[in-house]
There are 2 protein chains.
Amino acid sequence: MDFDRALEEKIEYTESCIDRYLPREEGFAKKLVQAMCYAMRAGGKRLRPLILSETYVLFGGTGEAAEPFMAALEMIHTHSLIHDDLPALDDDDQRRGQKATHVVFGEAMGILSGDALLNHAYETALHSFDLAGSAEEISRAAASLQILAAKTGIGGMLGGQSVDVDCGGNAADGAMLEEIYLKKTSALLEAAFMIGSVLAGAAPAETRAMEQVGRKVGLAFQIQDDILDVTGSEEELGKPLHSDEKNEKKTYVTLYGLQEAAGQVERLSKEALEILRGAGRNGESRDFLGELIRRLITRKK
Amino acid sequence: MDFDRALEEKIEYTESCIDRYLPREEGFAKKLVQAMCYAMRAGGKRLRPLILSETYVLFGGTGEAAEPFMAALEMIHTHSLIHDDLPALDDDDQRRGQKATHVVFGEAMGILSGDALLNHAYETALHSFDLAGSAEEISRAAASLQILAAKTGIGGMLGGQSVDVDCGGNAADGAMLEEIYLKKTSALLEAAFMIGSVLAGAAPAETRAMEQVGRKVGLAFQIQDDILDVTGSEEELGKPLHSDEKNEKKTYVTLYGLQEAAGQVERLSKEALEILRGAGRNGESRDFLGELIRRLITRKK
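Residues numbered from 1 in each chain as written. Chains lettered and ligands numbered in written order. Predicted model: local features only at pLDDT ≥ 70, side-chain atom pairs only at ≥ 80, totals over all residues. Heavy atoms only, no water.

### Brief notes about the overall build of chain A
And step 1. The helix and strand tally for chain A stands at 16 helices and two strands.
And step 2. The C-alpha radius of gyration computed for chain A amounts to 18 Å, which stays within 12% of the reference 19 Å derived for 301 residues, consistent with globular compactness.
And step 3. Over its C-alpha atoms, taken along the principal directions, chain A stretches across nearly 55 × 50 × 35 Å.
And step 4. Put simply, chain A has 301 residues, and 57% of those count as buried.
And step 5. Carbon together with sulfur atoms contributes 46% to the accessible area of chain A, which is approximately 11,900 Å² in total.
And step 6. Averaging the positions of the 34 positive and the 49 negative side-chain charges in chain A gives two centres separated by 2 Å. (Helix = DSSP H or I, 4+ residues; strand = E, 2+ residues; numbered from the N terminus. Rg over C-alpha atoms; globule rule 2.2 N^0.38 Å. Buried < 20%, exposed > 50% of the residue type's maximum accessible area, 1.4 Å probe, protein only. Areas by Shrake-Rupley, 256 points an atom, 1.4 Å probe, with all protein chains shown as cover. Lys, Arg positive; Asp, Glu negative; His and termini not counted. Charge placed at Lys NZ, Arg CZ, Asp CG, Glu CD.)

### Remarks on the interface of chain A and chain B
And step 1. At the interface, 49 residues of chain A touch 49 residues of chain B.
And step 2. Surface buried jointly by chain A and chain B totals about 3,900 Å² across both partners, of which 76% is contributed by carbon and sulfur atoms.
And step 3. Its largest share of buried area at the contact with chain B, chain A owes to Phe28(A), Asn119(A) and Ile154(A), together 19% of the area lost on that side.
And step 4. Between Asp166(B) and Lys31(A) there is a salt bridge, and its shortest N-O distance comes to 2.8 Å. (Contact = heavy atoms within 4.5 Å. Buried area = accessible area lost by both parts, 1.4 Å probe. Salt bridge = Lys/Arg side-chain N within 4 Å of Asp/Glu carboxyl O.)

### Section: the packing of aromatic side chains
And step 1. Here the structure, examined in full by the defined rule, presents eight aromatic pairs over all chains.
And step 2. Between Tyr122(A) and Tyr122(B), the aromatic rings sit 4.3 Å apart at their centres with planes inclined by 10°, giving stacked as the arrangement. Of this pair, Tyr122(A) sits in helix α6 (residues 107-125) while Tyr122(B) sits in helix α6 (residues 107-125), each in a different chain.
And step 3. Look at Tyr122(A) and you get buried, because its relative accessible area is 1%.
And step 4. Its guanidinium or amino end placed over the ring of Phe288(A), Lys10(A) lies 4.9 Å from that ring's centre, counting from NZ or CZ. (Phe/Tyr/Trp six-rings, centres within 6.5 Å; stacked < 30°, edge-to-face > 60°. Lys NZ or Arg CZ within 6 Å of the ring centre and 35° of its normal.)

### Here's the deal with the confidence of the model for chain A
And step 1. Confidence along chain A averages 94 in pLDDT terms, with 94% of residues attaining 70 or more.
And step 2. Reported for the predicted complex are a pTM of 0.95 and an ipTM of 0.95. (pLDDT = per-residue confidence, 0-100.)

### A few points about the pattern of salt bridges
Residue and element names in this part refer to chain B.
And step 1. Enumeration according to the criterion identifies 44 salt bridges over all chains in this entry.
And step 2. Measuring nitrogen to oxygen at the nearest pair gives 3.0 Å for the salt bridge that ties glutamate 179 to lysine 183. Here glutamate 179 and its partner lysine 183 are both found in helix α10 (residues 174-199), four residues apart, which amounts to about one turn of the helix.
And step 3. Take glutamate 179: its relative accessible area is 27%, and that puts it in the partly exposed class.
And step 4. Judged by its relative accessible area of 18%, lysine 183 falls in the buried class.
And step 5. For the salt bridge of arginine 267 with glutamate 271, the shortest nitrogen-to-oxygen distance reads 2.6 Å. With arginine 267 and glutamate 271 both in helix α15 (residues 258-277), this residue pair falls four residues apart, about one helical turn.
And step 6. A relative accessible area of 40% means that arginine 267 is categorised as partly exposed.
And step 7. On the basis of relative accessible area, glutamate 271 is assigned to the partly exposed category, the value being 28%.

This is how it looks when you write it as structure tokens:
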């Protein structure tokens, strides 16, 4: 398998799914939609929808059932980025190498476009009921929606962000920092792995195993983010460097040092790959996801 | 029927439904949940869940199917109030006679608790799948979720708010102002009337008729709001008076004058009551909803 070519093709497919579910930049609330689409089209790795789609195939899924959820997950992720960058939160002017949404459209529209993307994620995911042809498919769509909402909410991403904000980026200790990372970053990745498996009809134990993969990959991903904020280059990252230091944020690197952080990323990745090795039924998807996870560890941006 | 006693009982029931679906103020994201509950417990008319519940009964609904949607609708409404009050939007320090959420919990937590309430609304409404016992009930829950999302999003409340913000509260003309009101205020009331009827198994034409009731009541309600901002008392309203004037907002009153505004409220209310007269099958609920709408016209706060 040529991973790079496969990745390119799959990202292209992912982009087309996302694009299909973006609202039209016309009509009464045109400016709002423009702000939403500006943020959505700013690029990014499309990691979450890509993982969702590939996990769906891993467990034997075919057809378009995963597509509304792929777009929805990316909308929720983008919603969190828009609001994260707001002056009252991280106060970042740049995102993905371009001006942050609130810088271009104003703070009020930044808030509202983030709200609207969160809501549009549900509007989009609810299309899955229109695609569902059987009671079983409806039931899988409903379960997937419940996972999406739970991993986004208080017990997931938003809960993590709120604690991060509340402690001013200064977690009391390593355990609290890890909990923030698990909620803030792992939760949506868990949703990607879980929803992909649920929509394909995987058994509950299989979905729980995939949740663990998401948990470990998310934590590794976030620690790698901390490492890159110290060792990366601003050009490659497309965002200001040393922002953690600037904002006096406690990170995995400031707590444990670079070496221990790197070791932790490797350990978590190995554990995730170990679980993945026994999962699903499509060998090609398994290999692809494995390589994707490996690349996340060694990524430079 | 003693309307006041019935209203009191029904509001009590509504409050208990809302309360049951509020998140617990404990655990990792405690502060976030406290901010959410602070805003939810600040009172308010509970108009939307009350209408949803009563419309459900009007069309013969029994049991608890409407309850998750009642709570969800109030959460979405409260989400919009929290974000509306933020410094970057209306910059209001008070809401429902107490300090606005962002004043008590800080601006960042104001943004995040609004986000979390919007998300929790979906988490809550999705419980309806756990209550549904038949394919028909699942299908009604799915349709209701789609209405909820559509009326909240770009084509509804958030779309209306965004245009209102974008024009700085200065609609170009009466048509634009009306469109803002229809999206900003009518949309969630339409959702209340529609979801109540859908969950009870009303025919599509009946649900469309109820949407019209919501549309007219919402518009009347918003125009009445404009009237009260000029003629009301600060104590009764529990919020600063003449805020429209202060913010140089164009309202129905500034555009057409008090008399024309009052006439329009009466006309819209009559039309809504006319549609209601032929709707549903429960006479007691029909009478109750009719009186509720009549009171909204003549309300002083």
